[in-house]
Amino acid sequence: MSTVSRREFVAAASAGSFGLAKASNGKLALMGGEPVRKAQFPSWPKFGKPEEQGIREVLQSGRWFRGYGKHVERFEQAYAQLTGARHCIATASGTAALFTALNGMGVGPGDEVLVPPYTFVATINVVLLQHALPVFIDTDIETFQMDATKTEAAITERTTAIMPVHLGGGTVDMDAFLKIGARRKVGVLEDACQAHLAEWRGKKAGTLGAAGCFSFQASKNLNSGEGGAILINDDDLADRCYAFHSNGRSRKGDASGFSYLAHGSNERLTEFQGALLLAQMTRLEEQSKAREQNAAYLTGLLKEIPGIQVAKMYSGCTRNAYHLYMFRYNKEAFAGAPRAEFLKAMSAEGIPCSAGYSPLNKEPFLAAAINSKGYRRLFPEKTLKHWQEKNQCPANDQLCEEAVWLTQNMLLGPRGDMDEIAAAIRKVQAGAPELKRA
Ligand SMILES: *Cc1c(COP(=O)(O)O)cnc(C)c1O
């Protein structure tokens, strides 16, 4: 009884300090208590008249292909202008953007590409699609980003690209990656699929390396259902990428003509998506500001909670896109309750959160690809053996067990939503002795 009342007291006190009287009942919602929050978080996507008008315009024009209409091109110009890039090439997806950029950069069979293990699977899939070897660089557990300090040692004579991912909307240490790339003459391809409007020292993520790739898939901060884009400053690389994404046809030539610069694919965006993106783009800055302000406030609240470590940013990261709000959960501060129990308890309190990625370098599909007939033809036995031995990312393994994510839409509402997130964590902490141990 005395432990219960003490727990109730702690929960009530912490909830009270945020002015949330309704959380004062300390009994966890998972155990039948009142949840901290009953309202839904802001829905995603946001849309209205501009989106309707844009799509209707394309529909009624009958010009649904970029070769016939102007919406995709107008979006490319607008996104290049917004980010300060010389060229923008819209693609069918973020995966298509990465695939196209790797092709343009000349990454091919028998090459090695340095990648993080803490990313969406597409980052790795595009390397495998090129019949190249993804070489995993461990994660900096403090920032959740690919660890630049462990990157140069992994470069071999086969390395043709370094592919850091601006994970969650924060940025990698771009100074370090650019320095290594320049010194070793290896191109840096930024996977900025989660980093719309993020900045490194005041410059937009995705404009600093040889190329930067974005995704406009439904969950992303800029969204057309599916879609993507590549930002490029070099004219020749832009020409090669444009041609690859349109079956080898040159940008300058007639889009429906039959002459080819090289082999290619069809990775084009439709006019409908171009129109949707033009409309969605008018909302991006305001939404990004809201996420940033809420995230800064939430970080201030979470700093005070023992056992919660918010993902840090490198000092050069001058703007975080907050596609994800990420922190690490230390179960020791939660009476030893495993992360899965914490996630369940938070969900029950009305705060949905997830465990995030599992270690990609340990995926069985990866081992299968690398042991395949094709890879054994392309790479010497000793290269593949060395890869297997070196394929260890202990910091990332730990991160994958401790990470907790909130999604970007949860940062779009009023500041009081952040108070409720923090109050729920405190309540679960106070009630943690009630949670299952294993
Ligand atoms: C979403 C994402 C991709 C792939 O984008 P799609 O548009 O889904 O193909 C690639 N890399 C990262 C880091 C992503 O988050």
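Bear in mind the structure is a predicted one, so any value in this text is a computation, not a measurement.

Parameters at a glance
- Residues numbered from 1 in each chain as written.
- Predicted model: local features only at pLDDT ≥ 70, side-chain atom pairs only at ≥ 80, totals over all residues.
- Heavy atoms only, no water.
- Core = buried A, V, L, I, M, F, W, Y, C linked by side-chain atoms within 4.5 Å.
- Buried < 20%, exposed > 50% of the residue type's maximum accessible area, 1.4 Å probe, protein only.
- Contact = heavy atoms within 4.5 Å.
- Domains from an automatic or database assignment.
- Buried area = accessible area lost by both parts, 1.4 Å probe.
- Salt bridge = Lys/Arg side-chain N within 4 Å of Asp/Glu carboxyl O.
- Polar contact = N/O pair within 3.5 Å; in protein donor to acceptor, adjacent residues only side chain to side chain.
- Helix = DSSP H or I, 4+ residues; strand = E, 2+ residues; numbered from the N terminus.
- Nonpolar A, V, L, I, M, F, W, Y, C, P; charged D, E, K, R; others polar.
- Pairing = 2+ DSSP bridges.
- Right-handed = clockwise from strand over helix to strand, strands pointing away.
- Axes fitted to C-alpha atoms, helices over the stretch in contact; angles between N-to-C directions.
- Parallel < 35°, antiparallel > 145°, perpendicular 65-115°, else oblique.
- Left-handed = near helix turned anticlockwise from the far one by under 90°.

Description of the nonpolar core
Move 1: Judged by nonpolar contacts, the single largest core of 55 residues is most densely connected at Met163 and Leu189.
Move 2: If sequence neighbours within four positions are ignored, methionine 163 has contacts with Leu98, Leu102, Val113, Leu114, Val115, Pro116, Thr123, Val126, Val127, Met146 and Leu189.
Move 3: One finds Ala295, Leu298, Ile351 and Ile425 within the second-largest nonpolar core, a separate group that totals 35 residues.

A look at the domain arrangement of the protein
Move 1: When the domains of the protein are assigned, the result is domain 1 (6-44 + 283-356 + 399-437) and domain 2 (49-279).
Move 2: Each of domain 1 and domain 2 has a C-alpha centre, and these two points are 32 Å apart.
Move 3: Between domain 1 and domain 2, the contact holds 30 residues from the first and 35 residues from the second.
Move 4: Buried surface at the junction of domain 1 and domain 2, summed over both partners, amounts to about 2,700 Å²; 57% is from carbon and sulfur atoms.
Move 5: At the boundary of domain 1 with domain 2, the tally comes to three salt bridges.
Move 6: Residues arginine 283 and glutamate 51 are paired through a salt bridge, measuring 2.8 Å at the closest nitrogen-oxygen approach.
Move 7: At the surface where domain 1 touches domain 2, the tally comes to 19 residue pairs in polar contact (both at pLDDT 80 or more).
Move 8: Contributions of two or more residues to the side of domain 1 that touches domain 2 are made by α8 (271-302), β12 (308-310), β13 (317-319), β14 (324-329), α13 (394-402) and β15 (403-407).
Move 9: Of the residues that constitute the side of domain 1 that touches domain 2, the class distribution is 15 nonpolar, eight polar and seven charged.

Section: the pairing of strand β6 (residues 159-162)
Move 1: Taken together, the three bridges between strand β2 (residues 112-115) and β6 define a ladder with parallel strand orientation. Counted as the bridge partner of leucine 114 is isoleucine 162 from β6.
Move 2: Of the pairings in the sheet, the one linking β6 to strand β7 (residues 187-191) comprises two bridges and is parallel in character. From the neighbouring strand, isoleucine 162 faces β7, where its bridge partner is valine 188.
Move 3: Crossover connection from β6 via helix α6 (residues 174-184) to parallel β7: handedness right-handed.

So, the packing of helix α4 (residues 94-104) against helix α5 (residues 122-129)
Geometry of a packed helix pair, given as the angle between the helix axes and the separation of the axes.
Move 1: Viewed as axis vectors pointing N to C, α4 and α5 meet at an angle of 40°, and their least axial separation amounts to 9 Å. On the basis of the axis angle, α4 is oblique to α5. Our pair here, α4 against α5, has a crossing hand that is right-handed. From α4, Thr95, Leu98, Phe99 and Leu102 reach across to α5, where they touch Ala122, Thr123, Val126, Val127 and Leu129.

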